[in-house]
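If you want the building blocks of each chain, they are given just below.
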Amino acid sequence: MTVTVGDTVTWTNSDEVGHTATSAGDFDTESIAPGGSSAITFPGAGTFAYVCTIHPTMTGTVVVEAAAAGGGGTEPT
(Lines give C-alpha, C1' and ligand atoms only; values in the text may rest on other atoms or scores of the structure.)
Protein backbone atom coordinates (compact mmCIF):
# COMPACT_ATOMS: atom_id res chain seq x y z
CA MET A 1 0.00 0.00 0.00
CA THR A 2 1.13 3.55 -0.64
CA VAL A 3 0.30 6.44 1.69
CA THR A 4 1.49 10.00 2.30
CA VAL A 5 3.62 11.27 5.19
CA GLY A 6 1.32 11.89 8.14
CA ASP A 7 -1.25 9.29 7.09
CA THR A 8 -2.47 6.65 9.53
CA VAL A 9 -2.80 3.01 8.49
CA THR A 10 -5.20 0.80 10.45
CA TRP A 11 -4.80 -2.97 10.49
CA THR A 12 -8.05 -4.80 11.32
CA ASN A 13 -7.98 -8.47 12.23
CA SER A 14 -10.90 -10.31 10.60
CA ASP A 15 -9.37 -13.70 11.37
CA GLU A 16 -10.07 -16.08 14.25
CA VAL A 17 -6.51 -15.85 15.67
CA GLY A 18 -4.19 -12.99 16.65
CA HIS A 19 -1.84 -11.27 14.22
CA THR A 20 0.78 -8.52 14.28
CA ALA A 21 2.18 -6.03 11.78
CA THR A 22 5.81 -5.63 12.79
CA SER A 23 8.53 -3.71 10.95
CA ALA A 24 11.87 -4.22 12.70
CA GLY A 25 12.83 -0.96 14.39
CA ASP A 26 10.08 1.04 12.69
CA PHE A 27 6.70 0.01 14.09
CA ASP A 28 4.88 -2.82 15.87
CA THR A 29 1.12 -3.16 16.28
CA GLU A 30 1.72 -5.88 18.88
CA SER A 31 -0.81 -8.72 18.83
CA ILE A 32 -4.17 -7.72 17.37
CA ALA A 33 -6.95 -9.91 18.76
CA PRO A 34 -9.68 -11.28 16.48
CA GLY A 35 -12.06 -8.43 15.67
CA GLY A 36 -9.54 -5.87 16.93
CA SER A 37 -7.51 -3.23 15.17
CA SER A 38 -4.33 -1.20 15.57
CA ALA A 39 -3.30 2.05 13.89
CA ILE A 40 0.15 3.41 13.02
CA THR A 41 0.82 6.99 11.86
CA PHE A 42 3.78 7.44 9.51
CA PRO A 43 5.67 10.69 10.24
CA GLY A 44 8.34 10.27 7.56
CA ALA A 45 8.81 8.95 4.05
CA GLY A 46 10.23 5.50 3.36
CA THR A 47 9.46 1.91 2.48
CA PHE A 48 8.52 -0.25 5.44
CA ALA A 49 8.36 -4.04 5.04
CA TYR A 50 6.40 -5.77 7.80
CA VAL A 51 5.61 -9.29 8.96
CA CYS A 52 3.17 -11.00 11.28
CA THR A 53 5.51 -12.28 13.98
CA ILE A 54 2.99 -15.00 14.83
CA HIS A 55 2.71 -16.16 11.19
CA PRO A 56 5.98 -15.19 9.43
CA THR A 57 4.68 -16.08 5.96
CA MET A 58 2.22 -13.16 6.22
CA THR A 59 4.06 -10.07 4.97
CA GLY A 60 3.39 -6.68 3.46
CA THR A 61 4.91 -3.32 2.63
CA VAL A 62 3.86 0.25 3.32
CA VAL A 63 5.38 2.87 1.03
CA VAL A 64 5.20 6.35 2.54
CA GLU A 65 5.67 9.20 0.07
CA ALA A 66 6.39 12.83 0.84
CA ALA A 67 3.38 15.09 0.58
CA ALA A 68 3.09 16.91 -2.73
CA ALA A 69 4.32 20.47 -2.62
CA GLY A 70 1.40 22.72 -1.89
CA GLY A 71 0.63 25.77 -3.80
CA GLY A 72 -1.09 26.38 -6.99
CA GLY A 73 -1.56 29.94 -5.83
CA THR A 74 0.04 32.92 -7.43
CA GLU A 75 2.00 35.83 -6.03
CA PRO A 76 0.18 39.14 -6.01
CA THR A 77 1.49 41.63 -8.56
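Residues numbered from 1 in each chain as written. Predicted model: local features only at pLDDT ≥ 70, side-chain atom pairs only at ≥ 80, totals over all residues. Heavy atoms only, no water.

1. Details of the overall build of the protein chain
A tally of helices and strands in the protein chain yields zero helices and seven strands. Put simply, the protein chain runs from its N terminus to its C terminus through helices and strands in the order β-β-β-β-β-β-β. Expressed as a percentage of the 77 residues in the protein chain, the buried residues total 29%. In the protein chain, of all internal contacts separated by at least 6 residues, the share reaching a separation of at least 24 is 48%. For the protein chain, the exposed surface amounts to about 5,000 Å²; the carbon and sulfur share of it is 52%. (Helix = DSSP H or I, 4+ residues; strand = E, 2+ residues; numbered from the N terminus. Buried < 20%, exposed > 50% of the residue type's maximum accessible area, 1.4 Å probe, protein only. Contact = heavy atoms within 4.5 Å. Areas by Shrake-Rupley, 256 points an atom, 1.4 Å probe, with all protein chains shown as cover.)

2. Here's the deal with the nonpolar core
One recurring pattern in soluble globular proteins is that nonpolar side chains are buried together. Residues Val-3, Val-9, Trp-11, Ala-21, Phe-27, Ile-32, Ile-40, Phe-42, Phe-48, Tyr-50, Val-62 and Val-64 constitute the largest nonpolar core, which totals twelve residues. Elements with a minimum of two residues in this core: strand 2 (8-12), strand 6 (46-51) and strand 7 (59-65). Apart from the residues within four sequence positions on either side, Trp-11 is in contact with Ala-21, Phe-27, Thr-29, Ile-32, Gly-36, Ser-37, Ser-38, Ile-40, Phe-42, Tyr-50 and Val-62. (Core = buried A, V, L, I, M, F, W, Y, C linked by side-chain atoms within 4.5 Å.)

3. Regarding the packing of aromatic side chains
Each aromatic ring pair is summarised here by two numbers: the centre-to-centre distance and the angle between the ring planes. Tallied over the full model, the rule gives five aromatic pairs. Seen in terms of ring centroids, Phe-42 and Phe-48 are 5.6 Å apart; in terms of plane orientation they differ by 40°. Their pairing is tilted. For Phe-42, a relative accessible area of 3% gives the class buried. Members of the aromatic cluster, joined through ring pairs, are Trp-11, Phe-27, Phe-42, Phe-48 and Tyr-50. (Phe/Tyr/Trp six-rings, centres within 6.5 Å; stacked < 30°, edge-to-face > 60°.)

4. Observations regarding unusual backbone geometry
Backbone phi values are negative for most residues with the exception of glycine, while trans is the configuration of most peptide bonds. The phi dihedral of Glu-30 falls on the positive side, at around 60°, and the residue is not glycine. Looking at the secondary structure, you find Glu-30 in the loop between strand 4 (27-28) and strand 5 (37-41). A residue is classified by how much of its surface remains accessible, and Glu-30, at 57% relative accessible area, is exposed.

5. Describing the environment of Thr-41
As for its placement among the helices and strands, Thr-41 is situated in strand 5. In this structure the C-alpha to C-alpha distance between Thr-41 and Val-9, which are 32 residues apart in sequence, comes to 6.3 Å. If near-sequence neighbours (up to four positions away) are discounted, Thr-41 is found in contact with Gly-6, Asp-7 and Thr-8. Engagement of the side chain of Thr-41 in a polar contact is seen with the side chain of Thr-8, the distance being 2.7 Å. (Polar contact = N/O pair within 3.5 Å; in protein donor to acceptor, adjacent residues only side chain to side chain.)

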